[in-house]
Protein chains: 2
Amino acid sequence: MDAMLLPANRSCPIARTLGVLGQKWNLLLLREAFLGRTKYAEFLRIGVPTATLGARLQDLVDAGLLTRHAYQEKGERARDEYLLTQAGRDAMPILAALIGWGETHLPPVTAYAMTTGDGRPVRLAFVDDTGTVVDADAVAIAKKPEGAATPG
Amino acid sequence: MDAMLLPANRSCPIARTLGVLGQKWNLLLLREAFLGRTKYAEFLRIGVPTATLGARLQDLVDAGLLTRHAYQEKGERARDEYLLTQAGRDAMPILAALIGWGETHLPPVTAYAMTTGDGRPVRLAFVDDTGTVVDADAVAIAKKPEGAATPG
DNA sequence: CATCTGACTTCAAATAATGAAGTTAGCGGT
DNA sequence: ACCGCTAACTTCATTATTTGAAGTCAGATG
């Protein structure tokens, strides 16, 4: 992730976010965190190599998505577990969007459900400032004028 | 993207989607497509190396997110342009989610705006089945029982 | 104090991305 | 028809990233 942050992409929040989350395994680690996993050994189970896991967990901590938190189980030595921060929790729409696309366009597997705390299913949608749902095909992404962006 | 599709991730729509969109540059190419770019030379301007661009464009076509469409400008030879398919357009929430996270957690740059056709700003939100907006922090991702998932 | 286990590091090998240098095809002019 | 020009790709050797195996380290157990 370097050429992706050339001048043309420097000011793009997509490119900048991918600089953090676009690394291989990061989004899958975040998925595990949302599923309640916190320990190194638990993250390992998804198939990430140890050499990679250490580095990615560190990246995620550095980027503020996870925090290390000491814990100790009875009869075990103290260890660190990895907990989602607010910034990490704020990444849920990214996972939700990936799930949504995958379930629509890469059938036939549907292994995840998104629900409220009381079990009602939810989906990701675009809403306008009145809270009204807007059809995704009616939404456009546009560059803002950004007059203040100086190359220095 | 191979170890990411181990048994533990095979049935995960996140991992499967990342198999297509997780490649370096793909999401940025999609961003350009949403901004209206269609030509090879236009995509090149974001800084992707030519050697990579050909491969990624092919991937995106193979995955059904873009289609090749012949066009010819006056006095120019016929060429192919790359147009978003419905599957490609359906990826907009992914970009929207990345933008949303980046604008919140990687200030101070804000270069994109999401709007409806008539210019009203929109944002991504979780809604329940009645169309009511639900706070993202109240949403949980859970594995479905997936009793019916057969390995064939 | 030797042994065991979980959590990491280190390192060489495999894989993927990159930049430079081709290659190909059609247009415009002659 | 031939030549040069340009856009759109390929190919290839270099460089960066990921990987698996093996090693390190700290504390609990015996």
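Calculation criteria
- Residue positions are given per chain, counted from 1 along the sequence in the order it is written.
- Throughout, the order in which chains and ligands are written sets their labels, letters from A for the former and numbers from 1 for the latter.
- In keeping with the model being predicted, local features are shown solely for residues with a pLDDT of at least 70 and side-chain atom pairs are shown and tallied solely at 80 or more, while totals for entire chains, interfaces and linings include all residues.
- Hydrogens are left out, water is left out, and the side-chain values use all remaining heavy atoms of the structure.
- Secondary structure elements are taken from DSSP: a helix is a run of H or I of four residues or more, a strand is a run of E of two residues or more, and numbering for both begins at the N terminus.
- Atoms counted for the radius of gyration: C-alpha only. Globule rule: 2.2 Å times the number of residues to the power 0.38.
- Exposure is judged per residue with a 1.4 Å probe applied to protein chains only, and the accessible area is read against the type maximum: over 50% gives exposed, under 20% gives buried, and values in between give partly exposed.
- Contacts were defined at the residue level, with two residues in contact if any of their heavy atoms lie within 4.5 Å.
- It suffices for a single heavy atom of a residue to lie within 4 Å of a molecule or strand for the residue to be listed as near it.
- Two N or O atoms form a polar contact when they lie within 3.5 Å of each other; inside protein one atom must be a possible hydrogen donor and the other a possible acceptor, and for residues adjacent in sequence the pair counts only when both atoms belong to side chains.
- Note that Gly is not counted as nonpolar here; it falls among the polar residues with everything else outside the nonpolar set of Ala, Val, Leu, Ile, Met, Phe, Trp, Tyr, Cys and Pro and the charged set of Asp, Glu, Lys and Arg.
- Whenever Lys or Arg places a side-chain nitrogen within 4 Å of a carboxyl oxygen from Asp or Glu, that contact is recorded as a salt bridge.
- Pairing of aromatic side chains requires ring centres within 6.5 Å, counting the rings of Phe and Tyr and the six-membered ring of Trp. Pairs whose planes differ by under 30 degrees are stacked, by over 60 edge-to-face, and all others tilted.
- The term buried area denotes the loss of accessible surface (1.4 Å probe radius) that occurs when two parts are joined, taken as the sum for both partners.
- We call two strands paired when DSSP finds no fewer than two bridges between them.
- For the least-squares superposition of copies, only C-alpha atoms count, and only for residues with pLDDT at least 70 in both.

Draft legend 1. Summary view of the overall build of chain A. When helices and strands are tallied, chain A shows seven helices and six strands. For chain A, the sequential pattern of α-helices and β-strands runs α-α-α-α-α-β-β-α-α-β-β-β-β. Against the compact-globule benchmark of 15 Å for 152 residues, chain A has a radius of gyration of 19 Å, which places it well outside the compact range. Within chain A, the proportion of its 152 residues that are buried is 46%. Taking contacts inside chain A between residues at least 6 apart in sequence as the whole, the part at least 24 apart equals 34%.

Draft legend 2. Broad picture of the protein's contact with DNA strand C. The immediate surroundings of DNA strand C are formed by 19 residues, with Ala41(A), Arg77(A), Trp25(B), Gln72(B) and Arg77(B) found nearest. Those atoms of DNA strand C that come within 4 Å of the protein belong to sugar or phosphate at a rate of 69%. A distance of 3.4 Å separates a phosphate oxygen of DNA strand C from a polar backbone atom of Ala41(A). Here a phosphate oxygen of DNA strand C and a side-chain polar atom of Tyr82(A) are 3.4 Å apart. In terms of residue count, helix H5 (residues 50-62) of chain B provides more of the surface near DNA strand C than any other element does, four residues in total. In terms of residue class, the surface near DNA strand C is built from eight nonpolar, five polar and six charged.

Draft legend 3. Looking closely at the pattern of salt bridges. Per the stated rule, a full pass over the model turns up 10 salt bridges over all chains. For Glu32(A), the salt bridge identified is with Arg37(A), shortest N-O distance 3.1 Å. Given the relative accessible area of 4%, Glu32(A) is considered buried. One salt bridge in this structure joins Arg56(B) and Asp59(B), with 3.0 Å as the shortest N-O distance. Of the two residues, Arg56(B) and Asp59(B) are both situated in helix H5; the distance of three residues between them amounts to about one turn of the helix. What makes Arg56(B) buried here is its relative accessible area of 16%. Residue Asp59(B) is classed as partly exposed on the basis of its relative accessible area, which comes to 29%.

Draft legend 4. Quick peek at the packing of aromatic side chains. Residues and elements named next belong to chain A. A full pass over the atoms with the stated rule returns two aromatic pairs over all chains. When the ring of phenylalanine 43 is compared with that of tyrosine 82, the centres are 6.3 Å apart and the planes differ by 75 degrees; the resulting orientation is edge-to-face. Residue phenylalanine 43 is found in helix H4 (residues 40-44), and its partner tyrosine 82 is found in strand E2 (residues 79-84); the two are separated by 39 residues along the sequence. Judged by relative accessible area, phenylalanine 43 falls into the buried class, the value being 0%.

Draft legend 5. The arrangement of unusual backbone geometry in detail. Residues and elements named next belong to chain A. In this structure, tryptophan 25 takes a positive phi of about 80 degrees despite not being glycine. Assignment of secondary structure puts tryptophan 25 in the loop between helix H2 (13-21) and helix H3 (26-34). By relative accessible area, tryptophan 25 is classed as buried at 5%.

Draft legend 6. How the structure looks around the protein's contact with DNA strand D. Neighbouring residues of DNA strand D: 20 residues in total, closest Lys24(A), Trp25(A), Ala51(A), Ala41(B) and Arg77(B). Atoms of DNA strand D within 4 Å of the protein belong to the sugar or the phosphate in 71% of instances, the rest to bases. Within the side chain of Lys24(A), an N or O atom sits 3.0 Å from a phosphate oxygen of DNA strand D. In the environment of DNA strand D, a phosphate oxygen lies 3.2 Å from a nitrogen or oxygen atom belonging to the backbone of Ala41(B).

Draft legend 7. Summary view of the interface of chain B and chain A. The partner chain A presents 79 residues to the 79 residues of chain B that form the contact. Taking both sides of the interface into account, the surface hidden between chain B and chain A amounts to around 7,500 Å²; carbon and sulfur atoms contribute 68%. Across the contact surface, chain B and chain A share two salt bridges. Asp128(A) is the salt-bridge partner of Arg120(B), the closest N and O atoms lying 2.6 Å from each other. There are 27 residue pairs in polar contact (both at pLDDT 80 or more) connecting chain B and chain A. Bridging between strand E3 (residues 112-116) of chain A and strand E6 (residues 139-143) of chain B involves five bridges; their strand directions are antiparallel. If you follow Met114(A) over to E6(B), its bridge partner there is Ile141(B).

Draft legend 8. Just the relation of the copies chain B and chain A, in detail. Placing chain B over chain A gives an RMSD of 0.1 Å and needs a rotation angle of 180 degrees, together with 0.0 Å of translation along the axis. The two molecules are tied by a two-fold rotation axis, judged by turn and shift. Of the interface residues in chain B, 100% have counterparts in chain A that sit at the interface too, so the contact is made through matching surfaces.

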